[in-house]
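Listed here are the chains, written in short residue letters.
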Amino acid sequence: MTSSAAERRARVSAILDRLGVSGDNPGAWAGAPMATAGRRVASFDPTSGDELGAVLLADRGQYETVVERANEAFKSWRMVPAPKRGEIVRQMGEALRAHKDDLGALVTLEVGKILSEGLGEVQESIDMADFCVGLSRQLYGLSMHSERSRHRMYEQWHPLGPIGVITAFNFPNAVWAWNALVALASGDTVIWKPSLKAPLTAIATHKICQQVLDAHGHDGVFGLIIGDDAEVGEAMIHDHRLPLISATGSTRMGRHVNQAVAGRLGRCLLELGGNNAIIVEPTADLDLALRGILFGAVGTSGQRCTSTRRLLLHESIADAFTERLAAAYGQVRIGDPLEDGTLMGPLIDEGSRAQFVSAVRAAVEQGGEVLAGGSVVDSATVLEGSTGAFVQPTLIRAHKDMQICKEETFAPILYVMTYSELAEAVAIQNDVPQGLSSAIFTDSFRSVERFLSHEGSDCGIANVNIGTSGAEIGGAFGGEKETGGGREAGSDAWKAYMRRQTCTLNWSPELPLAQGVRFDL
Ligand code: UN1
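## As for the overall build of the chain
So, step 1. From N to C terminus, the chain includes 14 helices and 21 strands.
So, step 2. Against the 2.2 N^0.38 benchmark of 24 Å for 521 residues, the chain shows a C-alpha radius of gyration of 25 Å, consistent with a compact globule.
So, step 3. Based on the C-alpha atoms only, the size of the chain along its principal axes is roughly 85 × 60 × 35 Å.
So, step 4. Residues classed as buried in the chain amount to 56% of the 521 residues present.
So, step 5. For the chain, restricting intrachain contacts to residue pairs at least 6 apart in sequence, the fraction spanning at least 24 positions comes to 74%.
So, step 6. A total of about 21,600 Å² of accessible surface is found on the chain, and carbon and sulfur atoms cover 51% of it.
So, step 7. Mean positive and mean negative side-chain charge positions of the chain (47 and 63 charges, respectively) differ by 6 Å.

Structure follows, in structure tokens:
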């Protein structure tokens, strides 16, 4: 179904209205310490180029208010029993469910991913809420056997404090949930600084969850601060009151955040760039591999940190498979991400389009050959009146030493290389600064085990017969090397949001010292 520009605008404004984010500065609703003055920043629909709304940026004064409220709220929130906190998170999950369709559409409107992915992103937040309900009853510590008679040792986990969460444009809802819902179950409060490219999703998400907190009389547990890096970001990373900063974004940004937070001996949880490869062995189910590669490389217009950027094909299958892939690339439907049937929407903005263009140029200069795509797309051919940054999904024959293949370009460019031995493929895969996600398609048991062994993939995520993107929330998400080492979402990622306390209790009438030390008068 395609709609006219006028019909589309009506649909868009209905979505914004229902979520309460239409008009100027929708963040400044009653009772919230949002900016009422300050630089105006518009949020654009990357598909049409239309302005969706605008926010006023917060200054240091508003930042202070939000942090003070979060600090104050922490004192009471940490004393709410964890399962009761879990019950509030459960209600947030219900509220997100009730708004899933509109919120998913808003994600699509603000960042340009196809509707199915926008909805999938909200589903990821709902799944996080469900996970955190269970987690709230499982914040387990170990008990140890003391070497001393009639002594007991155990560890317990305490809430940490107000957590600073800095998110990127590409997952404007789910990455918040990975952090904020775990933090809430853990007894922390949250200060969220969203990307200025997706402030409306942040405001809508915050409003939906704030209503639940309001119903329980918890003020200040969630803080939202929409500001720029120099004013608000810098304040956050240098703020001693925020014991943990969880930041998602580029490696350049993460390095800066890490240094600032380390300077005050705070904690960082970083989720930075990826340069993810898929290895395809001759035994692989090639139909499966093709679909996994397409979703990984073309999905979200290549703007996931887990997007597939390099394809390592065994030389015996390379030519025929590359041909099939190039044909499939030619069939990817580029269009309005709100419409059924579209597989690829626009890039987030002109800056990203410029990076796409310069990466393709660099690849060709470095010896690469464009096998499919390679060009920008005239936006007027996609949507009437659009100024969106549309590009073609692009396949480039490359060789392992090309510098551009070691860099992360947030665009749908896939570099295809060949190998003859699995060890060589794994070496190529690992020979990049980033270490987020990796995958192999094979039916060989031995290859699977080698890929997953200590001398296999060096990434935080290693998949078999699944692409590099689209991780489930149940596992810990994150990567090694320049990806930053952080882990978010499931498994025991919650431990980063709490502080561990080791307790030793003596219930004997003696005072024996550990290690047999004697210190008697
Ligand atoms: C990101 O791109 O920052 O695994 C996160 C995935 C998604 C999350 C991506 N669940 O692709």
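## Examining the sheet that holds strand β8 (residues 244-248)
Adjacent strands of a sheet form backbone hydrogen bonds with each other and so pair up, either parallel or antiparallel.
So, step 1. Strands sit in the order β7-β6-β5-β8-β9 across an open sheet of five strands; the sheet is parallel. A strand with exactly one partner marks an edge of an open sheet, and here the two such strands are β7 (222-224) and β9 (267-271). The sheet shows a mean angle of 15 degrees between the axes of neighbouring strands, taken without regard to direction.
So, step 2. Of the strand pairs in this sheet, strand β5 (residues 162-166) and β8 are connected by four bridges, and their pairing is parallel. Each residue of the ladder has a partner; that of isoleucine 166, found in β8, is alanine 247.
So, step 3. Relative to strand β6 (residues 189-193), helix α2 (residues 60-77) is tilted by about 155 degrees, and along the sheet it contacts β5, β6 and β7.

## Digging into the site of the ligand
So, step 1. Around the ligand lies a shell formed by Glu124, Asn170, Phe171, Trp178, Glu271, Arg304, Cys305, Thr306, Ser469, Gly470, Ala471 and Phe477.
So, step 2. A distance of 2.7 Å separates an oxygen atom of the ligand from a polar atom in the backbone of alanine 471.
So, step 3. The residues that make up the shell around the ligand include at least three from each of domain 1 (5-271 + 491-500) and domain 2 (276-473).

## Side note on the packing of aromatic side chains
So, step 1. Counted by the stated rule, this structure contains five aromatic pairs.
So, step 2. With a centroid separation of 5.2 Å and 70 degrees between ring planes, the pair formed by tryptophan 157 and tryptophan 494 is classed as edge-to-face. Of this pair, tryptophan 157 sits in strand β4 (residues 151-159) while tryptophan 494 sits in the loop between β20 (488-489) and β21 (498-506), and the two are 337 residues apart along the sequence.
So, step 3. Residue class for tryptophan 494 comes out buried when judged on its relative accessible area of 5%.
So, step 4. An aromatic cluster of at least three residues, connected via ring pairs, comprises Trp176, Trp192 and Phe222.
So, step 5. Directly above the aromatic system of phenylalanine 171 lies the positively charged group of lysine 113, at a separation of 3.5 Å from the ring centroid.

## As for helix α10 (residues 286-298)
So, step 1. Across its 13 residues, α10 extends 17 Å between first and last C-alpha, which sits within 8% of the 18 Å expected from 1.5 Å per residue.
So, step 2. Every buried residue of α10 is listed here: Ala289, Leu290, Gly292, Ile293, Gly296, Ala297 and Val298.
So, step 3. Taken together, the buried residues of α10 touch β10 (276-280), β11 (308-314), α11 (315-331), β14 (413-419) and β16 (437-441).
So, step 4. Backbone nitrogen of aspartate 287 and a side-chain oxygen of the N-cap are separated by 3.1 Å at the start of α10; the cap is aspartate 285.
So, step 5. Phi turns positive, to about 55 degrees, at threonine 300, one or two residues after α10.

## Some remarks on the nonpolar core
So, step 1. Within the largest apolar cluster, 71 residues are counted, with the highest numbers of intra-cluster contacts made by Met92, Met128, Leu181 and Phe222.
So, step 2. Take this core: its biggest share by element is 11 residues, from helix α6 (residues 174-186).
So, step 3. Here this core spans two domains, and each of domain 1 (5-271 + 491-500) and domain 2 (276-473) adds at least three residues to it.
So, step 4. If sequence neighbours within four positions are ignored, methionine 128 has contacts with Ala177, Trp178, Leu181, Val182, Ile473 and Ala489.
So, step 5. Of all hydrophobic cores here, the second largest spans 51 residues; its members include Val280, Met344, Leu395 and Tyr419.

## Brief notes about the domain arrangement of the chain
So, step 1. Each assigned domain of the chain is listed with its residue range as follows: domain 1 (5-271 + 491-500) and domain 2 (276-473).
So, step 2. The centre of domain 1, based on its C-alpha atoms, is set 30 Å off from the matching centre of domain 2.
So, step 3. Contacts between the two partners involve 27 residues from domain 1, matched on the other side by 28 residues from domain 2.
So, step 4. Summing both partners gives a buried area of about 2,200 Å² for domain 1 against domain 2, and 62% of it is carried by carbon and sulfur.
So, step 5. Contact with domain 2 buries area across many residues of domain 1, yet Thr47, Ile114 and Glu117 alone supply 23% of it, more than any other trio.
So, step 6. Put simply, domain 1 and domain 2 have eight residue pairs in polar contact (both at pLDDT 80 or more) between them.
So, step 7. Among the elements of the structure, α1 (5-19), α4 (100-111) and α5 (115-135) are those that each provide at least two residues to the side of domain 1 that touches domain 2.
So, step 8. For the side of domain 1 that touches domain 2, the element with the highest residue contribution is α5, accounting for six residues.
So, step 9. Within the side of domain 1 that touches domain 2, the residues separate by chemical class into 12 nonpolar, six polar and nine charged.

## Observations concerning unusual backbone geometry
So, step 1. Despite not being glycine, asparagine 465 has its phi angle at roughly 60 degrees, a positive value.
So, step 2. One can find asparagine 465 in the loop between β17 (461-464) and β18 (476-477).
So, step 3. Its identity is not glycine, yet glutamine 515 carries a phi of approximately 60 degrees, on the positive side.
So, step 4. With respect to the helices and strands, the residue glutamine 515 is situated in the segment after β21.
So, step 5. Glutamine 515 sits in the exposed class, given a relative accessible area of 65%.

Calculation notes
Residues numbered from 1 in each chain as written. Predicted model: local features only at pLDDT ≥ 70, side-chain atom pairs only at ≥ 80, totals over all residues. Heavy atoms only, no water. Helix = DSSP H or I, 4+ residues; strand = E, 2+ residues; numbered from the N terminus. Rg over C-alpha atoms; globule rule 2.2 N^0.38 Å. Buried < 20%, exposed > 50% of the residue type's maximum accessible area, 1.4 Å probe, protein only. Contact = heavy atoms within 4.5 Å. Areas by Shrake-Rupley, 256 points an atom, 1.4 Å probe, with all protein chains shown as cover. Lys, Arg positive; Asp, Glu negative; His and termini not counted. Charge placed at Lys NZ, Arg CZ, Asp CG, Glu CD. Pairing = 2+ DSSP bridges. Axes fitted to C-alpha atoms, helices over the stretch in contact; angles between N-to-C directions. Near = heavy atom within 4 Å. Polar contact = N/O pair within 3.5 Å; in protein donor to acceptor, adjacent residues only side chain to side chain. Domains from an automatic or database assignment. Phe/Tyr/Trp six-rings, centres within 6.5 Å; stacked < 30°, edge-to-face > 60°. Lys NZ or Arg CZ within 6 Å of the ring centre and 35° of its normal. Expected span 1.5 Å × (residues − 1). Core = buried A, V, L, I, M, F, W, Y, C linked by side-chain atoms within 4.5 Å. Buried area = accessible area lost by both parts, 1.4 Å probe. Nonpolar A, V, L, I, M, F, W, Y, C, P; charged D, E, K, R; others polar.

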